[in-house]
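Now for the letters of each chain:
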Amino acid sequence: MGDNMDLPIICPVCRAPLTWGERRVTCPADHTFDIAREGYVNLYRTSRRRSNQPGDTRDMLLARRAFLDAGWYAPLSDRLNACVQDFTQVEAPASDTWQVADIGCGEGYYLGRLMQALRASSKEDRYSGCGMDIARDGVRYAARRYPEARWCVANVAQDILFADGSVDVALSIFAPRFSAVIHRIMARHGLLLIVMPGPAHLTALRDQAMADVRDTGHKVQQELDKLLPHFNLVDQSSLTYPMTLKQPDLQHLYLMTPLYWRSTREARESIKNTPTMDLTTDFIILTLTPKINT
Ligand SMILES: C[S@@+](CC[C@H](N)C(=O)[O-])C[C@H]1O[C@@H](n2cnc3c(N)ncnc32)[C@H](O)[C@@H]1O
Ligand SMILES: [Zn+2]
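Residues numbered from 1 in each chain as written. Chains lettered and ligands numbered in written order. Predicted model: local features only at pLDDT ≥ 70, side-chain atom pairs only at ≥ 80, totals over all residues. Heavy atoms only, no water.

(A) Focus on the pairing of strand S9 (residues 186-197). For S9, a buried count of 9 out of 12 residues is recorded, marking the element as mostly surrounded by other parts of the structure. Direction of pairing for strand S8 (residues 167-173) relative to S9: parallel, over a ladder of 6 bridges. Bridge pairing in S9 links Leu171 to Leu193. With helix H5 (residues 179-185) bridging S8 and its parallel neighbour S9, the resulting β-α-β unit is right-handed. Strand direction decides the pairing type here: S9 and strand S13 (residues 283-290), joined by 6 bridges, are antiparallel. The residue bridging Val195 from the neighbouring strand is Ile285, located in S13. (Buried < 20%, exposed > 50% of the residue type's maximum accessible area, 1.4 Å probe, protein only. Helix = DSSP H or I, 4+ residues; strand = E, 2+ residues; numbered from the N terminus. Pairing = 2+ DSSP bridges. Right-handed = clockwise from strand over helix to strand, strands pointing away.)

(B) Local environment of the pairing of strand S6 (residues 127-133). Among the 7 residues of S6, 7 are classified as buried, and the element is accordingly described as predominantly covered. Every second residue of S6 is oriented toward a common face, with Tyr127, Gly129, Gly131 and Asp133 on one face and Ser128, Cys130 and Met132 on the other, all of them buried. Relative to S6, strand S5 (residues 98-103) runs parallel, the two being bridged by 6 bridges. Bridge pairing in S6 links Trp98 to Tyr127. Following the backbone out of S5, through helix H3 (residues 109-120) and into the adjacent parallel S6, one traces a crossover that is right-handed. You can see the chain leave S6, run along helix H4 (residues 136-145) and come back into strand S7 (residues 150-153), and the turn it takes is right-handed.

(C) Summary view of the state of the cysteines. This model, assessed by the stated rule, comprises 0 disulfides. There is no disulfide at Cys130, and the cysteine sulfur nearest it, in Cys152, is 3.9 Å away. Judged by its relative accessible area of 0%, Cys130 falls in the buried class. (Disulfide = S-S within 2.5 Å.)

(D) Spatial organisation of the packing of aromatic side chains. Summed over all chains, the structure comprises 9 aromatic pairs. Taken together, a centroid distance of 6.1 Å and an interplanar angle of 45° make the contact between Tyr241 and Phe283 tilted. Residue Tyr241 is found in the loop between strand S10 (231-239) and strand S11 (242-246), and its partner Phe283 is found in strand S13; the two are separated by 42 residues along the sequence. The residue whose ring lies beneath Arg268 is Tyr260, and the NZ or CZ to ring-centre distance is 4.1 Å. (Phe/Tyr/Trp six-rings, centres within 6.5 Å; stacked < 30°, edge-to-face > 60°. Lys NZ or Arg CZ within 6 Å of the ring centre and 35° of its normal.)

(E) A look at the sheet that holds S9. If you walk across this open sheet you meet the 8 strands as S4-S7-S6-S5-S8-S9-S13-S10, and the pairing is mixed. At either margin of the open sheet sits one strand with a lone partner, and together these are strand S4 (41-42) and S10. Sitting on the sheet, helix H2 (residues 74-90) is in contact with S5, S6, S8, S9, S10 and S13, with an inclination near 165° to S9. On top of the sheet, H4 reaches S4, S6 and S7; it is set at about 170° to S7, its chief contact. (Contact = heavy atoms within 4.5 Å. Axes fitted to C-alpha atoms, helices over the stretch in contact; angles between N-to-C directions.)

(F) Focus on the nonpolar core. Core analysis: the largest hydrophobic core is formed by 53 residues, its most contacted members being Tyr73, Trp151, Leu205, Met243, Leu253 and Leu279. The element contributing the most residues to this core is H3, with 6 residues. One finds Leu43, Cys152, Met186 and Ile194 within the second-largest nonpolar core, a separate group that totals 39 residues. (Core = buried A, V, L, I, M, F, W, Y, C linked by side-chain atoms within 4.5 Å.)

(G) Spatial organisation of the sheet that holds strand S1 (residues 19-20). Pairing in this open sheet of 3 strands is antiparallel, and the strands run S1-S2-S3 from one edge to the other. In this open sheet, the two edge strands, each paired with only one partner strand, are S1 and strand S3 (32-34). Sheet topology places strand S2 (residues 24-26) next to S3; 3 bridges connect them, and they run antiparallel. Looking at the pairing, Thr26 lines up with Thr32 of S3.

As far as function goes, none of this settles anything; it's purely spatial.
Set out below in structure tokens:
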């Protein structure tokens, strides 16, 4: 990987710029983070080693990878890629290189495919991608599969380890987000794409899981209330399509969502023994740009 992969990431200790070397990532004050064999770096610092890994569990990540690999959410990924490609045709990056960040990247599917699409559509290699997630297993799977981007284990709740105004395109897909923090890292003309479930998302599965059916329509408004002090809403669209899922895809979908954890044992058994289910997606895609001077 060449210099074009330089990233505006900052040191979790002193917030100075980090330089990505062969074996380690360092800051001018010599805070050093080893690059793991798979190519990712761990910037998540805890005062005490927890026995439990934070973020999504390995089982959830493996189920998600299997489900995504089967292509069921490829239309969502393609839609996001098209949005970013349209954007890069009309805007210019804040630096020489487009800096793309996936905040809560999981096992890397969306950023991995986006980087591949951007590189395939342009002769110039002017795209630099970085995925961050607190789940180390997710970041490890991402790094192993998608060398087109950099991957970091990091907590994005209080701070995101990017320099101010350095990110041109940010993705936040089914992940927790903190608008003021995202606003700080976004370039003035940057693009923030958010994906969240809409009111009709996977209702058949939610019903059979007998999990509390939350009012997701209301959730979109709650999300906008948090975002709009910092961002302008450019577009809100939904992506809806049917899926007829058989096993094991159905079980993978169930395991990769929080639904599984909210279900009773009876519901878990019943879904495991369901051979096929007709479902509908309802992805809400929010397109936002940062407000200036907030
Ligand atoms: C539902 S998953 C979505 C993953 C990925 N964007 C996708 O759609 O495939 C939510 C992700 O957010 C991560 N996450 C949760 N809290 C986080 C935090 N404080 N900092 C970074 N990542 C976090 C989880 O580990 C998990 O991978
Ligand atoms: Zn430092």
